[in-house]
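Structure assessment
For reference, the chains in residue letters:
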Amino acid sequence: MNSGMAQRIPEGPVASGGMAERPDVGKLSVRGVGKIYDPEGAAVVAVENCDVEVEAGDFVAIVGPSGCGKSTLMNAIAGFDTITSGEIILDGVPLATPELAPRPGPDRVVVFQHGALFPWKTVLENVTYGPMVQGKLSGDEAHTRAMNLLGECGGLDRVADTYPPQLSSGMQRRVEIVRALMNDPSILLLDEPFRAMDTVSKTTMHRHLLQMYRVCRRTIIFITHDLEEAVFLADKVMIMTSRPGTIKKSLDVTLSRPRSTDMLTSEEFRELKLQLSATVHEEAKKAFARGEREQA
Amino acid sequence: MSAVEEDVKTVPPAGRATGRALRPRRLGRFLPSWRATSSVVAFFVLWDLMVRWELGGFAHISSPLAVATAFVDGYLASADYWMSWWASFQRVLYGFVAAQLLGIPLGLLLGTRPLLNGLFYPVIEMLRPIPPLAWVPLSILFWPTTELSIVFITFIGAFFIIVINVHDSVRSIKNEHLWLARSMGASPTRIFLRVIIPSVIPSIAVGMTLGIAVTWNVVIAAEMIASDSGLGRLTWEGYVSHTGPVVIIGMISIGLAGYLSTLVVDIVEKKMMPWRKGH
């Protein structure tokens with residue numbers, strides 16, 4: 001498939017890179033999930049009695065301090081790690097219970113904090129990896145779809161033949177989101193994907209992500225500790241606290257879609273951010289007090 | 001959208017902040033600078049003067065001109081001389097290639113199989129600190145011919161390096177890469193071939209670079225001790241027969257041989273890692 005790579009695919013009439021709209025998939029239920037790490041008898045509770053309900057196609061942000069178990073929850077949903085209690089259900093199918101062996105799948109692909117593009121594959125090879133491995137698409141089909149989707153995500157088709165280390169971190173992260181979308185996932189899991197970025201690149205990334213979300217609407221779970229980012233992107237923000245790691249409160253974001261950067265300065269946005277930040281601080285104080293009591 | 005252009009990393013030219021206009025680097029690489037030229041010329045002039053003035057130990061050393069004359073008269077067209085090159089190169093090649101062929105799979109195996117790792121890695125850790133030259137007597141006793149024993153010592157020089165490099169690199173593969181491949185539905189075989197192997201290629205390259213240098217070190221010493229052919233032997237014979245120029249001809253030849261081998265290894269490494277180009 002190397003020969004065809006250099007040629008550019010003209011922008012076709014197909015919206016969303018040939019991806020079908022799937023408004024009915026991606027309903028996620030996390031019910032009473034707990035995870036106890038027990039390496040040598042010293043049980044460490046990472047997550048306890050955690051409940052999350054996400055409607056199909058919703059954009060949910062989970063905010064919380066470092067070490068509150070956000071990534072543990074994410075790994076459980078992705079099928080990288082086991083849970084010790086509760087259940088996780090995606091569209092009626094149980095993904096994880098304490099009895100089930102962890103089982104990752106192309107229906108829920110993770111975009112990691114530090115990025116995990118394969119440096120030895122070109123952008124195009126990275127992006128077509130999923131469908132090719134699964135044998136879902138032929139080489140040509142995968143190529144066409146990839147070029148369309150890359151093109152729609154800010155002209156990434158122009159770097160299709162480049163190797164990831166030659167791209168800026170912002171572009172790498174966008175390629176990674178495209179790679180996840182290529183699997184036609186029911187749910188997209190973003191684990192602090194813009195964490196290491198400066199404010200300007202972050203804003204650009206938000207624009208791109210919102211654009212992708214508009215083009216191929218999928219359920220998104222977005223983990224972050226940036227409250228402004230959470231309010232700007234999501235329909236619903238969930239607040240996770242430590243000791244134990246669990247979802248304490250959730251806040252509905254009433255901002256309309258499509259979101260624009262103008263909203264960042266609106267009264268409504270400011271109001272929501274204040275409300276969220278007050279709740280986060282209150283919960284953090286409570287968690288801290290619980291921690292003090294445990295220590296005593 | 002024009003977001004792409006502004007996002008692509010522009011590689012800054014590697015100019016130092018001297019305030020001078022930047023010289024085009026591609027050309028500069030082939031034209032030696034006046035500094036480089038004069039330092040090399042000064043080296044030879046100084047060497048020649050020291051020998052002329054018979055300063056200390058330089059009384060026993062040949063002058064650069066004597067070396068050059070001896071080389072052109074007695075060695076350049078001599079089949080024996082070029083056979084020495086061939087002999088050493090062969091030993092390095094066999095030892096080095098055998099080390100890669102056995103060491104890379106072993107490193108992969110130990111890196112991916114905890115059980116085998118537990119069983120065999122301690123032995124490797126135990127043997128590794130023994131310098132290759134310490135193996136010379138044992139090697140001569142063990143192998144039926146001197147040739148085999150020298151190749152074996154050369155092999156030892158590169159073997160442990162590659163095993164350890166590959167082993168460590170398998171164990172430091174990003175979990176995210178393995179997870180992603182699994183979540184996209186890759187089978188264990190596919191993960192091994194398409195994720196684990198490419199991940200360790202940079203470490204194989206490092207192992208090869210280090211290995212080829214050690215291999216030349218080892219082969220020269222081994223030849224001086226145990227062999228009757230090769231560049232090491234040539235140099236040693238120059239000393240034994242009190243023919244000063246030969247000692248230096250040997251040294252220069254060995255340096256050149258090592259340099260050429262490194263060039264070849266570099267080319268092979270670049271071929272193994274197309275994604276590293278321009279990096």
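Residues numbered from 1 in each chain as written. Chains lettered and ligands numbered in written order. Predicted model: local features only at pLDDT ≥ 70, side-chain atom pairs only at ≥ 80, totals over all residues. Heavy atoms only, no water.

What follows concerns the overall build of chain B. When helices and strands are counted, chain B shows twelve helices and zero strands. Ordered by position in the sequence, the α and β elements of chain B form the string α-α-α-α-α-α-α-α-α-α-α-α. For chain B, the residues scored as buried account for 38% of the 279 residues in total. Taking the contacts inside chain B whose residues are at least 6 apart along the sequence as the reference set, 70% of them involve residues at least 24 apart. For chain B, the accessible area works out to roughly 16900 Å², and carbon and sulfur atoms hold 69% of it. (Helix = DSSP H or I, 4+ residues; strand = E, 2+ residues; numbered from the N terminus. Buried < 20%, exposed > 50% of the residue type's maximum accessible area, 1.4 Å probe, protein only. Contact = heavy atoms within 4.5 Å. Areas by Shrake-Rupley, 256 points an atom, 1.4 Å probe, with all protein chains shown as cover.)

Now for the interface of chain A and chain B. With 35 residues of chain A at the interface, the matching set in chain B holds 27 residues. Buried area between chain A and chain B, summed over both chains or domains, comes out near 2900 Å², and the portion from carbon and sulfur atoms is 64%. Our count for the contact surface shared by chain A and chain B stands at zero salt bridges. Seen at the junction of chain A and chain B, the total is four residue pairs in polar contact (both at pLDDT 80 or more). Counting only elements with at least two residues in the side of chain A that touches chain B, the list comes to strand E6 (108–111), helix H2 (123–134) and helix H4 (169–181) of chain A. (Buried area = accessible area lost by both parts, 1.4 Å probe. Salt bridge = Lys/Arg side-chain N within 4 Å of Asp/Glu carboxyl O. Polar contact = N/O pair within 3.5 Å; in protein donor to acceptor, adjacent residues only side chain to side chain.)

All names here are of chain A. Mapped onto the elements, Thr246 comes out in strand E10 (residues 246–252). The class of Thr246 is buried, set by a relative accessible area of 8%. Here the side chain of Thr246 touches Glu48 through a polar contact of 3.0 Å, landing on its backbone oxygen. Dropping the residues within four chain positions of it, Thr246 is found in contact with Glu48, Asn49, Cys50, Ile239, Met240 and Thr241.

What follows deals with the confidence of the model for chain A. Looking at chain A as a whole, its pLDDT mean stands at 84, while 90% of the residues score no less than 70. Counting contacts from residues 1–16 of chain A, a segment whose pLDDT is below 50, to residues more than four positions away or on other chains yields 24 contacts. (pLDDT = per-residue confidence, 0-100.)

What follows concerns the packing of helix H5 (residues 79–112) of chain B against helix H6 (residues 114–127) of chain B. Any two packed helices are characterised by the angle at which their axes cross and by the distance between the axes. Residues and elements named next belong to chain B. Orientation of H5 relative to H6, taken along the N-to-C sense of each, is 125°, at an axis distance of 7 Å. In terms of orientation, H5 lies oblique with respect to H6. Here H5 contributes Leu106, Leu109, Leu110 and Thr112 to the contact with H6, which in turn contributes Pro114, Leu116, Asn117, Phe120, Tyr121 and Ile124. Across the contact of H5 with H6, the residue classes tally to eight nonpolar, two polar and no charged. (Axes fitted to C-alpha atoms, helices over the stretch in contact; angles between N-to-C directions. Parallel < 35°, antiparallel > 145°, perpendicular 65-115°, else oblique. Nonpolar A, V, L, I, M, F, W, Y, C, P; charged D, E, K, R; others polar.)

Looking now at the nonpolar core. Counting 145 residues, the largest nonpolar core has Leu28(A), Ile62(A), Ile88(A), Leu150(A) and Ile177(A) as the members making the most contacts within it. The element that contributes the greatest number of residues to this core is helix H10 (residues 188–226) of chain B, accounting for 13 residues. Excluding residues within four positions of it along the chain, Ile177(A) makes contact with Val111(A), Leu188(A), Leu190(A), Phe194(A), Leu209(A) and Met212(A). (Core = buried A, V, L, I, M, F, W, Y, C linked by side-chain atoms within 4.5 Å.)

We now examine the domain arrangement of chain B. The assigned domain composition of chain B is domain 1 (33–61) and domain 2 (71–272). On a C-alpha basis, the centres of domain 1 of chain B and domain 2 of chain B stand 34 Å from each other. (Domains from an automatic or database assignment.)

It is worth spelling out a nonpolar patch on the surface at this point. Residues and elements named next belong to chain B. A contiguous nonpolar patch, built from Trp53, Leu55, Phe58 and Ile61 and spanning about 390 Å² of accessible area, is present on the exposed surface. Positionally, Trp53 belongs in helix H3 (residues 34–53). Under the relative-accessibility criterion, Trp53 is labelled exposed at 55%. (Patch = residues over 30% accessible without salt bridge, like charges linked within 9 Å, V, L, I, M, F, W, Y side chains within 5 Å.)

Looking now at the pairing of strand E3 (residues 59–63) of chain A. Residue and element names in this part refer to chain A. Counting buried positions along E3 yields five of five residues, so the element is predominantly enclosed. Burial along E3 is two-sided: Phe59, Ala61 and Val63 and Val60 and Ile62, pointing in opposite directions, are all buried. Note: E3 against strand E8 (residues 219–224), five bridges, orientation parallel. Bridge pairing links Ile62 to Ile223 in E8. Pairing of E3 with strand E9 (residues 236–241) involves four bridges; the strand directions are parallel. Bridge pairing in E9 links Ile62 to Met238. (Pairing = 2+ DSSP bridges.)

Right, let's get into the packing of H4(A) against helix H5 (residues 199–215) of chain A. Residues and elements named next belong to chain A. Running from N to C, H4 and H5 point in directions that differ by 15°, and their axes come no closer than 11 Å. Regarding the angle of H4 to H5, the classification is roughly parallel. Relative to H5, H4 is oriented so that their crossing is right-handed. Taken together, the residues of H5 that come into contact with H4 (itself represented by Gly170, Arg173, Arg174, Ile177 and Leu181) are Met205, His208, Leu209 and Met212. When the residues that make up the contact of H4 with H5 are grouped by side-chain class, the tally is five nonpolar, two polar and two charged. (Left-handed = near helix turned anticlockwise from the far one by under 90°.)

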